[in-house]
Amino acid sequence: EVEVEVNDSLMRFFDHCAKFVALVEENDAAMCQVNAFKEGPEMKKVLEKVASALCLPVEELNADLVQVAFLTCSYELAIKNVTSPWCSLFTEEDAKVLEYLNDLKQYWKRGYGYDINSRSSCVLFQDIFQHLDQAVEESKSSKPISSPLIVQVGHAETLQPLLALMGYFKDDEPLLANNYARQAQRKFRSGRIVPYAANLVFVLYHCDHVNASQEEYQVQLLLNEKLLAFHHSNETTSTYTDLKEYYKDILENCHFKEECELPKVNVTAVDEL
């Protein structure tokens, strides 16, 4: 028997962040880049090809319908290992366009598009480090580690903002409706960052044979079972002291209530974001 605690305020922080809900989640204007790409030349070309293949007037299709067909293809392939008839509608280039459409949505809704997307996840980030701090303190006191393993279960919507808060997969240029070609080699690919069963693991090590006391506790990060290099060192192992120092501002100065409070003055969503 494993005791499970439902903590939506932690794992579904985005639902509890009034600023995010009002200015991003429920604000159509926040997705202007996504909507512009749906009407852009790349999507128009895909629409025309799909309409021709289905012997339909192109006016009867839109980007949302084509995306449903593409997702049906991808879901059946990923979940059932079955090549759906819908897959025959798309070439590899079409798939890249539709991938970019989804990445645009994730970028502006869960990633770097707006600061509140990632800042709202600081409550989870701080919680992770509180557990790591506790393990370090117990180890230093020669006490048994009270929680040697902590598993927190959420969604891609939980993980993507957290990784953005930590600065991972950030491109020099933002993802926009008009820079599809320039983003061909982009880092921000949501299908690779948060695929099915995506997971992020913090591993804390106690090292006995070290040259300095600050090297006694070290950390590794694994995303989807693969080691992630740390930003501050470009290495896959960091001392816990250095890691906390690198993220000091988030750990000390990101306060969920203040970050998520709606502005009291009457400003537009664009101005606020």
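Residues numbered from 1 in each chain as written. Predicted model: local features only at pLDDT ≥ 70, side-chain atom pairs only at ≥ 80, totals over all residues. Heavy atoms only, no water.

A. Local environment of a nonpolar patch on the surface. A cluster of nonpolar side chains, namely Leu54, Leu56 and Trp86, defines an oily patch on the protein surface of about 250 Å² accessible area. Classification of leucine 54 as partly exposed rests on a relative accessible area of 34%. (Patch = residues over 30% accessible without salt bridge, like charges linked within 9 Å, V, L, I, M, F, W, Y side chains within 5 Å. Areas by Shrake-Rupley, 256 points an atom, 1.4 Å probe, with all protein chains shown as cover. Salt bridge = Lys/Arg side-chain N within 4 Å of Asp/Glu carboxyl O. Buried < 20%, exposed > 50% of the residue type's maximum accessible area, 1.4 Å probe, protein only.)

B. Up close: the packing of helix H8 (residues 122-140) against helix H9 (residues 156-165). Taken N-terminus to C-terminus, the directions of H8 and H9 make an angle of 75°; their axes are 9 Å apart at the nearest point. Our classification of the angle between H8 and H9 gives roughly perpendicular. Between H8 and H9, the residues in contact are Cys122, Leu124, Phe125 and Ile128 and Thr158, Leu162 and Leu165, respectively. (Axes fitted to C-alpha atoms, helices over the stretch in contact; angles between N-to-C directions. Helix = DSSP H or I, 4+ residues; strand = E, 2+ residues; numbered from the N terminus. Parallel < 35°, antiparallel > 145°, perpendicular 65-115°, else oblique. Contact = heavy atoms within 4.5 Å.)

C. Molecular detail of the state of the cysteines. Using the criterion set out here, one finds three disulfides in the structure. Paired by a disulfide, cysteine 73 and cysteine 87 hold their sulfur atoms 2.0 Å apart. Residues cysteine 73 and cysteine 87 are joined through a disulfide that is right-handed, its torsion about the S-S bond being 105°. Of this pair, cysteine 73 sits in helix H5 (residues 63-80) while cysteine 87 is found in the loop between H5 and helix H6 (92-109), placing the two residues 14 residues apart along the sequence. Side by side, cysteine 73 and cysteine 87 carry an identical accessibility label, which is buried. Between cysteine 122 and cysteine 254 runs a disulfide, and the two sulfur atoms are separated by 2.3 Å. Between cysteine 122 and cysteine 254, the S-S dihedral sits near -80°, and the bridge is therefore left-handed. Here cysteine 122 is found in helix H8, whereas its partner cysteine 254 is found in the loop between helix H12 (248-253) and helix H13 (256-260), with 132 residues between them in sequence. Classification of cysteine 122 by relative accessible area gives buried; the value is 0%. The class of cysteine 254 is buried, set by a relative accessible area of 1%. (Disulfide = S-S within 2.5 Å.)

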